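# Summary of the model geometry
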Amino acid sequence: MEENFTIEVLCLFCHSTLTADEDMEFESGDLIKCNSCGEMNDYDSVVEVAKEKAVEKVKTEVEEELSKTFNNLFK
Ligand SMILES: [Zn+2]
């Protein structure tokens, strides 16, 4: 696994990375304003999309690692 594993949270409208002040905390039901297009993103939807992307990313990495492992096994 990559050590610098980061999850990007993207605007649902323009797909820019959403940024917030460090001391800001979001919770279910909150709206996050996009700095690029000004649209309000529903926290729950944004998290759901980010989660799916993260799962995809992990899956790809695991598959790559596995194929490396198998290549070494059958040398
Ligand atoms: Zn946006």
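One can find the structure itself at the top, above this paragraph.
Cut-offs used in this document
- Residues numbered from 1 in each chain as written.
- Predicted model: local features only at pLDDT ≥ 70, side-chain atom pairs only at ≥ 80, totals over all residues.
- Helix = DSSP H or I, 4+ residues; strand = E, 2+ residues; numbered from the N terminus.
- Rg over C-alpha atoms; globule rule 2.2 N^0.38 Å.
- Buried ≥ 20, exposed ≤ 12 C-beta atoms within 10 Å, placed from the backbone.
- Contact = placed C-beta atoms within 7 Å.
- Core = buried A, V, L, I, M, F, W, Y, C linked by C-beta atoms within 7 Å.
- Expected span 1.5 Å × (residues − 1).

### Observations regarding the overall build of the protein chain
A count of helices and strands for the protein chain gives one helix and two strands. Each helix and strand of the protein chain, placed in order from N terminus to C terminus, yields the pattern β-β-α. Against the compact-globule benchmark of 11 Å for 75 residues, the protein chain has a radius of gyration of 17 Å, which places it well outside the compact range. In terms of overall dimensions, the protein chain has C-alpha extents of about 55 × 25 × 20 Å along its principal axes. Residues counted as buried form 8% of the 75 residues belonging to the protein chain. Considering only contacts within the protein chain whose residues lie at least 6 apart along the sequence, 35% involve residues at least 24 apart.

### Regarding the nonpolar core
Counting five residues, the largest nonpolar core is built from Cys11, Leu18, Ile32, Cys34 and Val46. Those residues in contact with Ile32 that sit more than four places away from it in its chain are Leu18, Ala20, Phe26, Asn41, Tyr43 and Val46.

### Here's the deal with helix α1 (residues 43-73)
In this model, α1 (31 residues) spans 44 Å end to end at C-alpha, consistent with the 45 Å of a helix rising 1.5 Å per residue. For α1, a buried count of one out of 31 residues is recorded, marking the element as mostly open to its surroundings.

### Some thoughts on unusual backbone geometry
Leaving glycine out, the prevailing phi sign among residues is negative, and the prevailing peptide bond configuration is trans. Of note, the phi angle at His15 is positive, near 65°, even though the residue is not glycine. Its location among the elements puts His15 in the segment before β1 (31-33).

### Some thoughts on the environment of Lys33
Assignment of secondary structure puts Lys33 in strand β1. Separated by 11 residues in the primary sequence, Lys33 and Glu22 place their C-alpha atoms 15 Å from one another. Beyond its immediate sequence surroundings of up to four residues, Lys33 is in contact with Gly38 and Met40.

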